[in-house]
Amino acid sequence: QFHEAVTALANNATIAVLLRVFRSRSRAYQLFELPAGPEIKAQSDHSHRDILNALIARDPATAATAAAMHVQQTERWAREHRPSATPVLAKFGD
């Protein structure tokens, strides 16, 4: 809900589309369901508060920096906790 609210406030169609793509792809990771999930959630919530506080203060530079840091951290978590690839067991052409 946070992401959708910020996207709506930004009134930027490109950001809205990118967010939908990122969220649809990240659902498979289920980061908050991992053993480290509570800590990941706490850090993510903290990042959201930093972004929100900058938006409330009408400080676009700080908001952009906080958002970029949030995206980078989320990418790190996704790389660290990437789901295993499922090997293809069937032979083609049989």
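On a predicted model such as this, the values are computed, not experimentally measured, just so you know.

(A) Molecular detail of the overall build of the protein chain. Helix and strand content of the protein chain: four helices and zero strands. Scanning the protein chain from its N terminus toward the C terminus, one meets helices and strands in the order α-α-α-α. For the protein chain, with 94 residues in total, the buried portion stands at 17%. Within the protein chain, residue pairs in contact and separated by at least 24 positions form 49% of the contacts whose partners lie at least 6 positions apart.

(B) Molecular detail of the packing of helix 3 (residues 37–56) against helix 4 (residues 60–80). Helix 4 packs onto helix 3 with a crossing angle of 165 degrees between their chain directions and a minimal axis gap of 8 Å. By the angle between their directions, the pair helix 3 and helix 4 is classed as roughly antiparallel. For the element pair helix 3 and helix 4, the recorded crossing hand is left-handed. Here Ile-40, Gln-43, Ser-44, Ser-47, His-48, Asp-50, Ile-51, Ala-54 and Leu-55 of helix 3 lie close against helix 4, whose contacting residues are Thr-62, Ala-63, Ala-66, Ala-67, His-70, Gln-73 and Trp-77.

(C) Representation of helix 3 in the model. A rise of 1.5 Å per residue sets the reference length of helix 3, with its 20 residues, at 28 Å; its end C-alpha atoms lie 28 Å apart and thus fit the reference within 8%. All of the buried residues in helix 3 are Gly-37, Ile-40, Ser-44, Ser-47, His-48, Ile-51 and Ala-54. Take helix 3 and look down its axis: the buried residues cluster within an arc of 125 degrees, on one side only. Residues of helix 3 that are exposed and point over 90 degrees away from its buried face: Pro-38 and Ile-56. Taken together, the buried residues of helix 3 touch helix 1 (2–10) and helix 4. Residue Arg-58 follows helix 3 closely and has a positive phi angle near 55 degrees.

(D) Representation of the confidence of the model for the protein chain. Of all residues in the protein chain, 88% attain a pLDDT of 70 or more, and the chain-wide mean is 84. When mean pLDDT is compared element by element in the protein chain, helix 3 scores highest at 94, while helix 2 (residues 13–26) scores lowest at 82.

(E) Representation of the side chain of Ser-44. Positionally, Ser-44 belongs in helix 3. For Ser-44, a relative accessible area of 6% puts it in the buried group. Filtering out sequence-adjacent residues up to four positions away, Ser-44 remains in contact with Phe-32, His-70 and Trp-77.

(F) Structural context of unusual backbone geometry. Positive phi, close to 50 degrees, is recorded for Asn-11, a residue that is not glycine. Among the structural elements, Asn-11 can be located in the loop between helix 1 and helix 2. When its relative accessible area of 71% is taken as the criterion, Asn-11 is described as exposed. Positioned with a positive phi, Arg-58 is a non-glycine residue whose angle comes to about 55 degrees. Position of Arg-58 relative to the elements: it lies in the loop between helix 3 and helix 4.

Reading the values: the criteria
- Residues numbered from 1 in each chain as written.
- Predicted model: local features only at pLDDT ≥ 70, side-chain atom pairs only at ≥ 80, totals over all residues.
- Heavy atoms only, no water.
- Helix = DSSP H or I, 4+ residues; strand = E, 2+ residues; numbered from the N terminus.
- Buried < 20%, exposed > 50% of the residue type's maximum accessible area, 1.4 Å probe, protein only.
- Contact = heavy atoms within 4.5 Å.
- Axes fitted to C-alpha atoms, helices over the stretch in contact; angles between N-to-C directions.
- Parallel < 35°, antiparallel > 145°, perpendicular 65-115°, else oblique.
- Left-handed = near helix turned anticlockwise from the far one by under 90°.
- Expected span 1.5 Å × (residues − 1).
- Arc of directions from axis to C-beta.
- pLDDT = per-residue confidence, 0-100.

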